[in-house]
Amino acid sequence: MKERISFFLPTRKGSERVKNKNTKPFAGIEGGLMENKIKQLVETKMLDEIILSTNDETCMAIAEKYAVKDSRIKIIPRPDELCLSSTNLQDLICYVPTITDAEHILWGHVTTPLAGADQYDAGIQLYLDNLQNGFDSLVGVTELKNFLLNKEGKLVNNTTDIPWPRTQDLEPLYPINHTMFLAKREVYVEQKNRLGKKILLHVMDELHSFDIDWPDDFVIAEMMYKNLYGNL
């Protein structure tokens, strides 16, 4: 019997860096990043459940339009104490398995507007293919190969015996891109974490990894989105 995969999508009222970040119009999409992400998620083939966890009535209203046609979408109001800027991430992680009984949980964000159905399905397939190899979780990353210095000015990713190796010979590092954190349910319950003890890196390109954190990011993401998909 197929084990179920649930997508956990958290949003909240009161974004601080970008006002109304989740729901203000984005790249011609009236419902903004929220509507864009729901549209992407309903196009996935490998998700069994899509949970919107929020205290934002506008986000709920946007999701409700799609829930009418897709029974996978569940809108679960999140307690206000778990929607504060001061909320401890650990508390939210522990909350997630209380609202789904799926065997696997994929945590994603509306702020990665270029990560769509194809990227999610590819990540899920990679994860499922590697469970038999002992991996218990997967995280979306990009590969970084550049000269990186610590505060003493020492190259931290040079594993050669020469002071200036070729860039391609530097040890790669992998920044988390926030597109997806995919793990077994037991990782949440037993380890109280969204990544387990044996993590599979899902290396993605820079374009589909783009994450919005600051006002300039929002503008850049709109330009990237329009260039890829046109004005929708």
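In case you missed it, the structure is sitting above this.
Residues numbered from 1 in each chain as written. Predicted model: local features only at pLDDT ≥ 70, side-chain atom pairs only at ≥ 80, totals over all residues. Heavy atoms only, no water.

### Considering the packing of aromatic side chains
Taken as a whole and assessed by the stated rule, the structure comprises 6 aromatic pairs. With a centroid separation of 5.4 Å and an interplanar angle of 70 degrees, the aromatic rings of F26 and Y225 are classed as edge-to-face. Taken as a pair, F26 in the loop between β1 (5-10) and α1 (32-42) and Y225 in helix α7 (residues 215-229) lie far apart in primary sequence, 199 residues in all. Y225 carries the same exposure label as F26, and that label is buried. With 5.2 Å between their ring centres and 65 degrees between their planes, F147 and W164 make a pair best called edge-to-face. Taken as a pair, F147 in the loop between β5 (137-141) and β6 (176-184) and W164 in the loop between β5 and β6 lie far apart in primary sequence, 17 residues in all. In this structure W164 comes out as exposed when scored by relative accessible area, which is 62%. A connected cluster of aromatic rings, assembled from ring pairs, spans F26, F218, Y225 and Y229. Over the ring of F218 we find K24, and its NZ or CZ is 4.4 Å from the ring centre. In this structure, K198 packs its charged tip against the face of F135, placed 4.7 Å from the ring centre. (Phe/Tyr/Trp six-rings, centres within 6.5 Å; stacked < 30°, edge-to-face > 60°. Helix = DSSP H or I, 4+ residues; strand = E, 2+ residues; numbered from the N terminus. Buried < 20%, exposed > 50% of the residue type's maximum accessible area, 1.4 Å probe, protein only. Lys NZ or Arg CZ within 6 Å of the ring centre and 35° of its normal.)

### A closer look at the pairing of β6
Bridge count for strand β4 (residues 104-107) against β6 is 4 bridges, and the pairing is antiparallel. Bridging across to β6, W107 finds its partner in F181. Across 4 bridges, β5 lies against β6 in antiparallel orientation. Considered in β6, the bridge of L138 is made with L182. (Pairing = 2+ DSSP bridges.)

### Looking at the pattern of salt bridges
Any two side chains of opposite charge can pair, given that their charged atoms come close. If you walk through the whole model with that rule in mind, you get 7 salt bridges. Here D101 and R4 are joined by a salt bridge, their closest N and O atoms 2.8 Å apart. Of this pair, D101 sits in the loop between α3 (89-95) and β4 while R4 sits in the segment before β1; the two residues are 97 residues apart in sequence, bridging distant segments of the chain. Note on D101: relative accessible area 57%, which makes it exposed. Note on R4: relative accessible area 27%, which makes it partly exposed. (Salt bridge = Lys/Arg side-chain N within 4 Å of Asp/Glu carboxyl O.)

### A look at the nonpolar core
If you look at the biggest cluster of nonpolar residues, it comprises 38 residues, and the most contacted ones within it are L9, F26 and M34. Mapped onto this core, the elements with two or more residues apiece are β1, α1, β2 (49-54), α2 (57-67), α4 (117-130), β6 and α7. Leaving out residues up to four positions away in the same chain, M34 has contacts with L9, T11, N22, T23, L52, C59, I62 and V110. In this structure, F8, L92, Y95 and L195 belong to the second largest nonpolar core, which totals 17 residues. (Core = buried A, V, L, I, M, F, W, Y, C linked by side-chain atoms within 4.5 Å. Contact = heavy atoms within 4.5 Å.)

### What to know about α4
Compared with an ideal rise of 1.5 Å per residue, which puts 14 residues at 20 Å, α4 spans 20 Å between its outermost C-alpha atoms and is within 8% of the ideal. Taken residue by residue, α4 has A117, Q119, Y120, D121, G123, I124, Y127 and N130 as its buried positions. (Expected span 1.5 Å × (residues − 1).)

### Some words on the sheet that holds β6
With mixed pairing, 7 strands are arranged side by side in an open sheet as β3-β2-β1-β4-β6-β5-β7. The open sheet is flanked by β3 (73-77) and β7 (199-203), the only strands paired with a single partner. Sheet twist, expressed as the mean angle between neighbouring strand axes with direction ignored, is 20 degrees. Pairing between β5 and β7: 5 bridges, direction parallel. Residue S137 lies in a different strand from β7, and its bridge partner there is I199. (Axes fitted to C-alpha atoms, helices over the stretch in contact; angles between N-to-C directions.)

### Looking at the side chain of T44
Topologically, T44 is positioned in the loop between α1 and β2. Polar contacts involving the side chain of T44 include one to the main-chain carbonyl oxygen of L41, which spans 2.6 Å. Beyond its immediate chain neighbours, meaning those up to four positions away, T44 contacts R72, A117, Y120 and D121. (Polar contact = N/O pair within 3.5 Å; in protein donor to acceptor, adjacent residues only side chain to side chain.)

Bear in mind that shape data such as this cannot, by itself, settle questions of function.
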